[in-house]
There are 2 protein chains.
Amino acid sequence: MASSEAKPSRTAVTLKTPKGTRDWNGADMLLRDEVFKTITDVFKRHGGTPLDTPVFELKEILAGKYGEDSRLMYDLEDQGGELCSLRFDLTVPFARWLAMNSIQQVKRYQLAKVYRRDQPAIARGRLREFHQCDFDIAGVYDPMIPDAETLRIIVEVFDALDLGITIKLNHRKILDGMFAVAGVPADKIRSISSAVDKLDKMAWPEVKKEMVEEKGLTEEVADRIGEYVRHSGTVAEVVELLRANERLCVNEDIKAGLDDMALLASYLKALDVMHKITFDLSLARGLDYYTGLIYEVINQPPPKTDGEKKNKKDDAATQVGSMAAGGRYDNLVGMYGKRTIPCVGVSFGVDRIFTILKARREREKVSKSPSIDVYVMAFGGKDFDGLLPERMDVARRLWSAGIRADFSAKVKPKLPQQFKAAEDAPLGVILGQDELADGKVRLKVLGQVGDKGEAEKDRGDLVRLDDLVGEVKKLLA
Amino acid sequence: MASSEAKPSRTAVTLKTPKGTRDWNGADMLLRDEVFKTITDVFKRHGGTPLDTPVFELKEILAGKYGEDSRLMYDLEDQGGELCSLRFDLTVPFARWLAMNSIQQVKRYQLAKVYRRDQPAIARGRLREFHQCDFDIAGVYDPMIPDAETLRIIVEVFDALDLGITIKLNHRKILDGMFAVAGVPADKIRSISSAVDKLDKMAWPEVKKEMVEEKGLTEEVADRIGEYVRHSGTVAEVVELLRANERLCVNEDIKAGLDDMALLASYLKALDVMHKITFDLSLARGLDYYTGLIYEVINQPPPKTDGEKKNKKDDAATQVGSMAAGGRYDNLVGMYGKRTIPCVGVSFGVDRIFTILKARREREKVSKSPSIDVYVMAFGGKDFDGLLPERMDVARRLWSAGIRADFSAKVKPKLPQQFKAAEDAPLGVILGQDELADGKVRLKVLGQVGDKGEAEKDRGDLVRLDDLVGEVKKLLA
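The name given to chain A in an unreviewed UniProt entry is Histidine--tRNA ligase, mitochondrial, and the organism recorded there is Ophiocordyceps camponoti-floridani. Taken directly from UniProt, the Function (unreviewed entry) text for chain A runs: "Catalyzes the aminoacylation of histidyl-tRNA in both the cytoplasm and the mitochondrion." Under the UniProt heading Sequence similarities (unreviewed entry), the entry covering chain A gives this text: "Belongs to the class-II aminoacyl-tRNA synthetase family."

As structure tokens, this is what we get:
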């Protein structure tokens with residue numbers, strides 16, 4: 001039931017979900033909600049407060065926030081009144097909410113669907129309607145402290161999900177400083193940054209071609225960028241490398257960025273997350289609004305051998321892309337109101353995480369949990385009338401006690417059909433005319449699939465109707 | 001923060017949510033999620049399985065399902081590709097899902113937002129983006145058994161929410177039979193039904209005027225309808241009344257409807273829900289797809305005196321309208337596929353329920369629960385450096401143990417500021433240079449608001465850092 005699928009139909013309606021969307025139900029839905037709960041628990045542990053915003057926003061609120069990606073926005077038809085678009089992420093609605101309510105300081109989280117008219121690849125967890133789980137810290141604090149906590153949250157989430165990761169870090173100021181030193185004109189920096197962001201999907205010659213042919217850089221400037229951004233390593237290594245470069249280390253932006261990174265490193269050590277971190281100068285992030293630290297999480301546990309490293313990286317990168325990403329955006333809220341509220345946050349890509357966990361579950365063949373606790377059956381001889389009101393009465397007693405119960409919606413159900421319907425329930429209650437006359441029913445622990453014949457012979461223990469709820473609770477405990 | 005509100009802004013962007021939408025956060029969000037959980041628990045108790053569908057559907061899937069209300073649908077702009085609309089309810093997407101996946105039998109529930117371009121009245125809980133919580137039973141069963149279970153679910157939900165209600169019942173076959181006997185032409189029955197549905201908001205003369213002037217009935221036919229639909233009472237009373245009417249009781253539709261109602265009454269007795277039921281012949285429901293039993297829940301506990309009755313009814317009806325509604329729709333799934341799957345279900349109007357519960361909470365002044373468990377502070381003399389890495393280390397230990405913790409994001413926070421930030425936390429951990437040198441910290445139960453001066457003097461009990469998590473857990477338990 002995963003993807004949109006066409007089938008013939010009587011009324012010639014195409015029976016499918018819209019392109020890039022899917023239904024969620026059954027084991028998929030349960031697993032997805034488990035992921036939500038795991039992530040939310042971490043958010044709450046860090047004092048997060050929940051927010052929910054409308055699925056669409058005024059078009060002017062979203063305008064000019066997403067750079068080249070804006071073309072992927074879903075617009076609502078103009079039916080008179082306001083012009084609106086479906087939300088593209090949860091960050092801009094959060095900034096709108098902060099500005100609208102003049103909130104100075106908050107840790108908020110939001111779990112919701114966002115919408116992008118991108119080319120879908122459902123098997124890889126890339127959809128047009130997909131989930132984001134965001135945690136953001138807004139407010140004026142001392143430098144890099146909220147940034148460090150956000151990275152700690154990322155580590156806690158993936159630890160809780162039991163997924164190995166690497167967090168790639170970079171800093172917009174360092175990146176912009178490198179572009180400036182390389183000779184990129186100020187008005188081209190954002191668009192060149194977008195090009196660099198494609199380096200995890202495209203090879204350098206292609207990216208260079210885009211910079212030169214589409215964006216008008218000289219070969220020389222492009223080559224200098226190519227040289228700068230190819231470095232990655234531990235935070236200490238890359239900081240040292242940049243500080244040793246005479247042309248780069250004199251740039252004010254780069255200096256400020258390096259100070260941030262060194263301070264961050266000391267906090268990441270106290271928070272025990274350094275072992276998950278790589279400082280990667282090629283990380284750029286597509287969105288316009290980032291102003292400081294940026295990061296992206298890839299599904300790549302620390303490599304054991306060099307050979308393995310190459311394979312693992314390719315595998316994970318092509319399969320699902322980044323599983324979480326974020327950064328600092330200090331000017332976004334100021335675009336809406338009088339006050340600038342600095343913010344830093346992270347967005348978890350639940351659909352990609354789901355895709356990986358589902359594959360793992362399928363390998364491990366996790367069995368599904370029962371959807372009810374008790375199935376109420378009836379049984380009788382020639383004059384059997386089905387005992388429907390009596391079955392209803394027993395189900396009502398169980399429901400009133402908070403116990404999950406069901407019974408056949410037939411007036412006179414056959415016993416084998418009832419046992420079949422009861423297959424997923426751990427307990428069965430069996431009603432018979434004679435026992436009921438005594439105020440009693442039979443309570444039976446239902447066996448595994450396979451001994452159905454046996455199950456139908458053994459009708460369980462006699463229990464007084466008034467004691468049934470207590471006995472059921474004992475058996476379920 | 002409830003409604004959309006305009007404020008002046010630097011960039012001349014109107015800082016608001018779109019008309020008829022709102023943000024949810026803080027106490028409102030917690031209360032809303034409590035309502036969701038209460039309802040979901042009941043759904044699970046009845047063996048319900050969750051479903052989630054996309055927020056928009058293909059336009060052709062939704063077309064022709066909602067009668068006159070279709071004009072309220074939100075359409076997505078044609079940006080190339082498929083034409084889509086935001087979902088209008090959860091019933092049609094459910095029917096599409098059943099048909100698309102050839103599902104014969106299921107009890108499914110869905111909690112989601114739906115969209116109608118109606119005139120909003122936010123204070124009364126009427127919005128353009130609003131929540132529905134639906135439970136539906138699909139499949140071929142013996143008559144009225146799933147219908148009775150659905151009504152039982154309604155009673156359990158409102159019992160769990162501690163809200164007094166009345167469930168108004170009617171039957172489409174009886175209604176259509178009455179229209180036929182009154183002389184309404186077959187092709188006008190659905191549109192006359194829509195007019196009758198307005199009787200809970202409009203007086204009879206207005207509804208009659210609509211029937212005669214807009215919908216072309218004769219005065220005589222309209223008056224006959226007016227006479228038939230004014231009856232209500234217990235199921236037994238109304239069944240008897242209709243069976244005693246010579247013109248009505250010979251109509252085949254009415255006969256079949258009355259048989260259903262009599263059978264239903266016997267099941268409702270076994271399920272102990274009869275005391276919440278009124279059979280109301282004026283209930284019509286606007287939507288086209290109902291084919292049998294229909295119902296609507298109003299916020300009106302059984303009246304104690306005649307005088308009170310009148311007041312309560314007006315109050316509840318004008319304040320929030322119906323809090324839940326539903327019915328049987330046996331032909332909807334068949335409109336999409338080869339098979340007809342009979343269905344019955346109920347939809348809870350969470351926003352209206354929320355509005356009532358919020359007013360109650362405000363009367364009862366329920367205090368809010370803390371968002372963290374432990375606040376980590378530091379304190380020192382002249383050379384105090386803020387102990388930030390140490391506070392981070394302690395917070396990390398608490399987070400790793402699943403404890404909700406926070407600390408000041410300042411390098412050198414002042415003690416009074418820290419105590420203020422700790423106000424909502426039940427516990428405080430206080431770090432000092434000397435105690436840390438001994439491997440110890442102070443753990444303190446934070447007092448009520450008002451004894452802050454006192455709180456700052458008493459610095460709590462000395463605890464070994466390695467025992468901290470255990471001691472905190474003991475105090476929180």
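Let us keep going from here.
### Considering the side chain of Asp351(A)
Take Asp351(A): it is sitting in helix H12 (residues 350-364). It is Arg22(A) that comes nearest to the buried, bridge-free Asp351(A) among opposite-charge side chains, at 6.3 Å.

### Some details on unusual backbone geometry
Residue and element names in this part refer to chain A. The backbone of serine 102 sits at a positive phi, close to 50 degrees, despite the residue not being glycine. Its location among the elements puts serine 102 in the loop between helix H3 (91-100) and strand E5 (106-115). One non-glycine residue, aspartate 272, lies in positive phi territory at about 60 degrees. Position of aspartate 272 among the secondary structure elements: in the loop between helix H10 (252-270) and strand E9 (277-280). Classification of aspartate 272 as partly exposed rests on a relative accessible area of 40%.

### Regarding the sheet that holds strand E6 (residues 129-138) of chain A
Ordered in space as E8(A)-E9(A)-E7(A)-E10(A)-E11(A)-E12(A)-E6(A)-E5(A)-E2(A)-E1(B), the ten strands form an open sheet in which the pairing is mixed. Because the sheet does not close on itself, it has two edges, and the strands there are strand E8 (232-233) of chain A together with strand E1 (24-25) of chain B. With five bridges connecting them, strand E11 (residues 324-328) of chain A and strand E12 (residues 343-349) of chain A associate as antiparallel partners. Paired with Ala324(A) across the bridge in E12(A) is Phe348(A).

### Overview of the pattern of salt bridges
All told, the structure shown has 76 salt bridges over all chains when counted by the stated rule. The shortest N-O distance in the salt bridge between Arg96(A) and Glu57(A) comes to 2.8 Å. With Arg96(A) in helix H3 and Glu57(A) in strand E3 (residues 56-58), this residue pair connects regions lying 39 residues apart in the sequence. In this pair, the class of Arg96(A) matches that of Glu57(A), namely buried. Residue Asp52(B) pairs with Lys113(A) through a salt bridge whose shortest N-O separation is 2.9 Å. You can see Asp52(B) sitting in strand E2 (residues 49-52) and its partner Lys113(A) sitting in strand E5, one on each of two chains. The residues Asp52(B) and Lys113(A) share a single accessibility class, namely buried. Put simply, Asp393(A), Arg396(A), Arg397(A), Arg464(A), Asp466(A) and Asp467(A) are held in one network by salt bridges that share partners.

### Details of the UniProt feature "binding site: L-histidine" (unreviewed entry) in chain A
All names here are of chain A. Feature annotation in UniProt places "binding site: L-histidine" (unreviewed entry) on Asp89, Leu90, Thr91, Arg116, Gln132, Asp136, Arg285, Tyr289 and Tyr290, given in this structure's numbering. By the secondary structure assignment, threonine 91 is in helix H3. Classification of threonine 91 by relative accessible area gives buried; the value is 7%. Contacts of threonine 91, omitting those with residues within four sequence positions, involve Asp134, Tyr289, Tyr329 and Leu332. Here glutamine 132 shows up in strand E6. You can call glutamine 132 buried: its relative accessible area is 10%. Not counting the four nearest positions on each side in its chain, glutamine 132 is found in contact with Asp89, Leu90, Gln110, Leu111, Ala112, Val114, Arg116, Ser347 and Phe348.

### Quick word on the confidence of the model for chain A
Regions with low pLDDT carry predicted coordinates that are not meant to be interpreted in detail. All names here are of chain A. Per-chain confidence: chain A averages 89 in pLDDT, with 91% of residues scoring 70 or above. Contacts for the low-pLDDT stretch residues 1-10, under 50 throughout, to residues beyond four places or in other chains number 29 contacts. Scored below 50 in pLDDT, residues 302-318 shows nine contacts in the model against residues more than four places distant or in partner chains. Model confidence for the complex: the whole-complex pTM is 0.88, and ipTM, which rates the interface, is 0.87.

### A closer look at the packing of helix H1 (residues 26-45) of chain A against H12(A)
Two measures define how a pair of helices packs: the angle their axes make with one another and the distance between the axes. Residues and elements named next belong to chain A. One way to put it is that H1 packs onto H12 with a least axis distance of 10 Å and a crossing angle of 120 degrees. In terms of axis orientation, H1 runs oblique to H12. The element H1 and its partner H12 pack so that their crossing is right-handed. From H1, Asp28, Leu31, Arg32, Glu34, Val35, Phe36 and Ile39 reach across to H12, where they touch Val350, Ile353, Phe354, Leu357, Lys358 and Arg361. Broken down by class, the residue content of the contact of H1 with H12 amounts to eight nonpolar, no polar and five charged.

### Description of the environment of Ile430(A)
All names here are of chain A. Locating isoleucine 430 in the fold gives a position in strand E15 (residues 427-431). For the pair isoleucine 430 and leucine 443, spaced 13 residues apart in the sequence, the C-alpha separation amounts to 6.4 Å. Beyond its immediate sequence surroundings of up to four residues, isoleucine 430 is in contact with Met377, Phe379, Phe419, Val441, Arg442, Lys444 and Arg459.

### As for helix H4 (residues 145-160) of chain A
Residues and elements named next belong to chain A. Between its terminal C-alpha atoms H4 stretches 23 Å, which fits the 22 Å expected from 16 residues at 1.5 Å a residue. Summarising burial for H4: 14 of the 16 residues are buried, a large majority. Phi for aspartate 162, located one or two positions after H4, is positive at around 60 degrees.

### Observations concerning the interface of chain B and chain A
Listed as interface residues are 102 residues of chain B and, on the opposing side, 102 residues of chain A. The contact between chain B and chain A buries some 8400 Å² in all, and 58% of this surface belongs to carbon and sulfur atoms. The interface formed by chain B and chain A holds ten salt bridges in total. Of the charged contacts in the structure, one is a salt bridge between Arg32(B) and Asp52(A), with a shortest N-O distance of 2.7 Å. Along the contact surface separating chain B from chain A lie 39 residue pairs in polar contact (both at pLDDT 80 or more). It is helix H14 (residues 388-400) of chain B that contributes the most residues to the side of chain B that touches chain A, seven residues altogether. Looking at chain direction, strand E2 (residues 49-52) of chain A and E1(B) are connected through two bridges and run antiparallel. Note that in E1(B) the partner of Asp52(A) across the bridge is Trp24(B).

Conventions we followed
- Residues numbered from 1 in each chain as written.
- Chains lettered and ligands numbered in written order.
- Predicted model: local features only at pLDDT ≥ 70, side-chain atom pairs only at ≥ 80, totals over all residues.
- Heavy atoms only, no water.
- UniProt positions renumbered as here; feature names shortened; annotations may be inferred.
- Helix = DSSP H or I, 4+ residues; strand = E, 2+ residues; numbered from the N terminus.
- Buried < 20%, exposed > 50% of the residue type's maximum accessible area, 1.4 Å probe, protein only.
- Lys, Arg positive; Asp, Glu negative; His and termini not counted.
- Salt bridge = Lys/Arg side-chain N within 4 Å of Asp/Glu carboxyl O.
- Pairing = 2+ DSSP bridges.
- Contact = heavy atoms within 4.5 Å.
- pLDDT = per-residue confidence, 0-100.
- Axes fitted to C-alpha atoms, helices over the stretch in contact; angles between N-to-C directions.
- Parallel < 35°, antiparallel > 145°, perpendicular 65-115°, else oblique.
- Left-handed = near helix turned anticlockwise from the far one by under 90°.
- Nonpolar A, V, L, I, M, F, W, Y, C, P; charged D, E, K, R; others polar.
- Expected span 1.5 Å × (residues − 1).
- Buried area = accessible area lost by both parts, 1.4 Å probe.
- Polar contact = N/O pair within 3.5 Å; in protein donor to acceptor, adjacent residues only side chain to side chain.

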